[in-house]
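Observations on the model geometry
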Amino acid sequence: MTDLLTTSARLSVAPMMEWTDRHCRYMHRLMSRDTLLYTEMVTSPALVRGGALHLLNFSPEEHPVAVQLGGSDPMELAQAAKICEDHGYDEVNLNCGCPSDRVQSGAFGAVLMKSPELVADCVTAMREAVDVPVTVKCRIGVDDQVPGDILPDFLEKIRAAGCTRVTIHARMAWLQGLSPKENRDIPPLDYDLVLEMKQAFPDLHISLNGGVQDIDTAIELLERGLDGVMIGRSAYHNPSDILLEADQRIYGGEYPVKTPDQIVHDMLPYIDRHLTHGGKLNQITRHMLGLFAGRPGARLWRRYLSENAHKDGAGTDVVIAALDQLPAPETV
């Protein structure tokens, strides 16, 4: 599985709170067989102390799938990593990049960039607890740190701890003064620094995250020497343009490229199962709103689902009716 994961990590969908839940990942897997998928961040206290194991539920079809953990206590992270491995996840990723106040108060996320020795201890403990790969997602620095100085030291320490794969969000994080949303946009991107880190650490598998909005840019970055590219918001809001061609263009696969319409039809049995078990339609369809982004009728599709999927008794008939809002495909 390690070799498969290394290949899959050429393109990955970023862990995004309240977005990349199991329903979102199931749809993304229908769109790409090869792209590596990540969960929302799950905190180690929630698993170890809170027993919130339902947060780890996923469908077997989602493989290869990685879980992202948030935490800063090595022993607790080791316990959480073992729980995740036992649930069947293919990789455990440590969050060293989230700048939210809630995360900082728990002494994890981006604030860990200030404590590379602690991160190394966490990686060591997690690796000793599990057989699946333990990876790290980080920033280029936080607050008044100088990225060119601290990032090499950070990478050196986690590499010495046995981490062989890291995803670098190519922006600083400002822990005070900027909201999490602003931290995704305001600090300038520094792709060159991430490329320099790949040259300085050729044995590390380095993926770049931050600001990548299309598959052409991802391919360009791979051609410049990076091992992988992680795409976040664009993959969520415009999944068809990112994921439907990924298997062919990123991985060289020969599978036929599906259309957004086919993905909708492929989702219907999954939706039926979810509803049968007491789920609500809009828990799934909220992730499907961007399927037709940039295509004729996209606004009508979004509006119909938004206005009807939350209603009592809403079922797959609502999804089919939303498809009917789209213009008929042109015939030659």
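Above this note sits the structure.
First things first, this report covers the structure right here in the doc. (Residues numbered from 1 in each chain as written. Predicted model: local features only at pLDDT ≥ 70, side-chain atom pairs only at ≥ 80, totals over all residues. Heavy atoms only, no water.)

What to know about the layout of surface pockets
Considering only enclosed or pocket space, the largest pocket measures out at about 760 Å³ in volume. Lining of the largest pocket is provided by 30 residues; of these, Pro15, Met16, Met17, His169 and Arg184 occupy positions nearest its centre. Elements with a minimum of two residues in the lining of the largest pocket: α5 (101-105), β5 (134-142), β6 (165-173) and α11 (233-237). Split by residue class, the lining of the largest pocket holds eleven nonpolar, eleven polar and eight charged. (1 Å grid on protein atoms, 1.4 Å probe; cavity = no way out; pocket = protein on both sides within 12 Å on 5 of 7 lines; lining within 4 Å. Points joined across faces, edges and corners; volume = space filled by probe spheres on them. Helix = DSSP H or I, 4+ residues; strand = E, 2+ residues; numbered from the N terminus. Nonpolar A, V, L, I, M, F, W, Y, C, P; charged D, E, K, R; others polar.)

Some remarks on empty space enclosed by the protein
Applying the stated criterion across every chain yields a total of one cavity of 30 Å³ or more. Here the largest cavity defines a volume of roughly 40 Å³. What lines the largest cavity is Ala9, Ser12, Tyr38, Glu91, Asn93, Thr135, Arg165, Val166, Thr167 and Ser207. Those elements that provide at least two residues to the lining of the largest cavity are β4 (91-96) and β6. Take the lining of the largest cavity: its biggest share by element is three residues, from β6. Broken down by class, the residue content of the lining of the largest cavity amounts to three nonpolar, five polar and two charged.

What to know about the pairing of strand β8 (residues 228-231)
If a strand is regular, its side chains alternate between the two faces of the sheet. Of the two faces of β8, both are covered, the one formed by Gly228 and Met230 as well as the one formed by Val229 and Ile231. Inspection of the sheet shows strand β1 (residues 11-13) paired to β8 by three bridges, in the parallel sense. When the bridges of β8 are listed, Leu11 appears paired with Val229. Bridging between strand β7 (residues 205-209) and β8 involves three bridges; their strand directions are parallel. Counterpart to Ser207 in the pairing with β8 is Gly228. Read from β7 through helix α10 (residues 215-223) to β8, the crossover connection turns out right-handed. (Buried < 20%, exposed > 50% of the residue type's maximum accessible area, 1.4 Å probe, protein only. Pairing = 2+ DSSP bridges. Right-handed = clockwise from strand over helix to strand, strands pointing away.)

Notes on the packing of helix α14 (residues 260-276) against helix α17 (residues 316-323)
The contact between α14 and α17 brings their axes to 9 Å, and the two run at 165 degrees. The angle between the axes of α14 and α17 places the two elements in the roughly antiparallel class. Classified by chirality, the crossing of α17 by α14 is right-handed. The segment α14 lies against α17, with Asp261, Val264, His265, Leu268, Ile271, Asp272 and Leu275 engaging Thr316, Val319, Ile320 and Leu323. For the contact of α14 with α17, the residue count by class is seven nonpolar, two polar and two charged. (Axes fitted to C-alpha atoms, helices over the stretch in contact; angles between N-to-C directions. Parallel < 35°, antiparallel > 145°, perpendicular 65-115°, else oblique. Left-handed = near helix turned anticlockwise from the far one by under 90°. Contact = heavy atoms within 4.5 Å.)

With respect to the nonpolar core
The biggest cluster of nonpolar side chains holds 108 residues, and the ones touching the most others in it are Leu69, Val136, Leu155, Ile168, Met288 and Trp301. The element best represented in this core is α14, accounting for six residues. Residues in contact with Leu69, not counting those within four places in the same chain, are Met41, Val42, Leu47, Leu77, Ala80, Ala81, Cys84, Val92, Asn93, Leu94, Asn95 and Met126. (Core = buried A, V, L, I, M, F, W, Y, C linked by side-chain atoms within 4.5 Å.)

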